Structure formats: structure tokens, C-alpha cells
Amino acid sequence: MDTRDLHDKGLKLRREIFGREAVEQRMNAFGAFGEPLQTMINTYGYGDVWSRPTLPLKTKSLAAIAMTAAIGRAAELRVHVNGALTNGCTAEEIRDVLLLVALYCGIPAANEGHRIAYEVLRERGV
């Protein structure tokens, strides 16, 4: 598969997980300056890694929540909590991953993760 095919496959998957509007907003956030980064995200992030069949999307979403919460990336965490719900994760699964963050990465990271997840769950009516 060439990189154009990977890009198109990744863009399609990204839109399925996060919604067309959210993806377009992120892709256009930095104009032409950000195009190379968005190409990389679509091609390699979603066209390759997220498209691999070994782990289900639900598992990848929970891992992304844990990692973004652990490194304190609130904006990315919000995106991935929304994606996790789309991928079939429950509020309880999201909470339990954030409890693991508390154990292994610290209470402050988990506390902020809980705050963001709670906001997203409330917004989505979950």
C-alpha cells in the first residue's frame, strides 16, 4: 500500500472515530503550516498504527486515554475520550483506566483525567 492509500484509509478511520467536523477542525487548525503534520497523523497514525488488526479499536482508545492523561495532554485526552465512547468503551472502563493512571503516574494526572472525562461524559449524556 502506498502512502496515499494509507493517508486515505487513515482519514476515513479518523473521521469514523472522531466525526467529520472534529477532524476537519483539527486538520485546518494550523492552515498550510500544519498540513505536513496532519498528513503524518492520517497516514501513519491512523492509516497504519490505528488500522492494525491485532488490538481492537476499543483497546487502542483506552491506551490512548491512559497515555494522554499520564503526560497531561488535556486537549488530546478530550479527543480520545470522545473517540473511546464511539469505539464502544463504557464510562466504567474509562474510569478504571484513569485509576491505573493514578497508581502508575500520579494522582494529579488522574485527577485532571477524571475532570476531562467527566466533562465529556456529561456532554455526551453518558
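A short tour of the structure in this document, coming up.

Considerations on the overall build of the chain
A count of helices and strands for the chain gives seven helices and zero strands. When the helices and strands of the chain are placed in sequence order, the string is α-α-α-α-α-α-α. A compact globule built from 126 residues should have a C-alpha radius of gyration of about 14 Å, and the chain, at 15 Å, falls within 12% of that. Principal-axis analysis of the C-alpha atoms places the extent of the chain at approximately 40 × 30 × 30 Å. Looking at the 126 residues of the chain, the share that counts as buried comes to 36%. Taking contacts inside the chain between residues at least 6 apart in sequence as the whole, the part at least 24 apart equals 66%. For the chain, the accessible area works out to roughly 7600 Å², and carbon and sulfur atoms hold 60% of it. A distance of 1 Å separates the average location of the 16 positive side-chain charges in the chain from that of its 15 negative side-chain charges.

Regarding the packing of aromatic side chains
A complete count under the given rule lists two aromatic pairs for this structure. Between Phe18 and Tyr46 the ring centres are 5.9 Å apart and the planes differ by 90°, which places this aromatic pair in the edge-to-face class. Of this pair, Phe18 sits in helix α1 (residues 3-18) while Tyr46 sits in helix α3 (residues 35-49), placing them 28 residues apart in sequence. With respect to burial, Phe18 and Tyr46 carry one shared label: buried.

Considering the packing of helix α6 (residues 91-105) against helix α7 (residues 107-124)
The geometry of α6 relative to α7 is characterised by a closest axis approach of 7 Å and an angle of 165° between their N-to-C directions. As far as their axial angle goes, α7 and α6 are roughly antiparallel. The handedness of the crossing between α6 and α7 is right-handed. Together, Ala91, Ile94, Arg95, Leu98, Leu99, Val101, Ala102 and Cys105 of α6 and Ile107, Ala109, Ala110, Gly113, His114, Ala117 and Leu121 of α7 make up the contact between the two elements. A breakdown of the residues in the contact of α6 with α7 according to their chemical character gives 12 nonpolar, two polar and one charged.

Description of a nonpolar patch on the surface
Together, Leu37, Met40 and Tyr44 give the surface a local cluster of nonpolar side chains, amounting to about 310 Å² of exposed area. Checked against the element boundaries, Tyr44 lands in helix α3. The partly exposed category is assigned to Tyr44, whose relative accessible area is 44%.

Here is what the cut-offs are and how they apply
Position labels on residues start from 1 in each chain and follow its written sequence. Residue-level local features of this predicted model are given only where pLDDT is at least 70; pairs of side-chain atoms are given and counted only at 80 or more, and the full residue set underlies all totals for whole chains, interfaces and linings. Side-chain numbers come from the whole structure's heavy atoms, not from hydrogens or water. Going along the chain from the N terminus, every DSSP run of H or I of four or more residues is numbered as a helix, and every run of E of two or more is numbered as a strand. Using C-alpha atoms as the atom set, the radius of gyration is obtained and then compared with a globule rule of 2.2 Å times the number of residues to the power 0.38. Throughout, exposure labels follow a simple rule: accessible area from a 1.4 Å probe, protein chains only, divided by the maximum for the residue type, with under 20% read as buried, over 50% as exposed, and the rest as partly exposed. The contact definition used throughout considers only heavy atoms, calling two residues in contact when any of these lie within 4.5 Å. Using a 1.4 Å probe, the Shrake-Rupley method yields the accessible areas, and only the shown protein chains count as cover for residues. His is not counted, nor are the chain ends; Lys and Arg add positive charge and Asp and Glu add negative charge. Here the site of a charge means atom NZ of a Lys, CZ of an Arg, CG of an Asp or CD of a Glu. Any pair of Phe, Tyr and Trp rings, taking the six-membered ring for Trp, is counted once the centres come within 6.5 Å. Such a pair is stacked with planes under 30 degrees apart, edge-to-face with planes over 60 apart, and tilted for the rest. A fitted line through C-alpha atoms serves as each axis, taken over the contacting stretch for helices, and the angle formed by two N-to-C directions is quoted from 0 to 180°. Under this scheme an angle from 65 to 115 degrees is roughly perpendicular, one under 35 degrees roughly parallel, and one over 145 degrees roughly antiparallel; angles in between are oblique. Each crossing gets its hand from how the near helix is turned against the far one by less than a right angle, where anticlockwise is left-handed and clockwise is right-handed. Each residue is assigned to one class: nonpolar for Ala, Val, Leu, Ile, Met, Phe, Trp, Tyr, Cys and Pro, charged for Asp, Glu, Lys and Arg, and polar for all the others, Gly among them. Surface patches are drawn from residues lacking salt bridges whose relative accessible area is over 30%; two like charges belong together within 9 Å, two nonpolar side chains (Val, Leu, Ile, Met, Phe, Trp, Tyr) within 5 Å. Each reported salt bridge corresponds to a side-chain nitrogen of Lys or Arg within 4 Å of a carboxyl oxygen of Asp or Glu.

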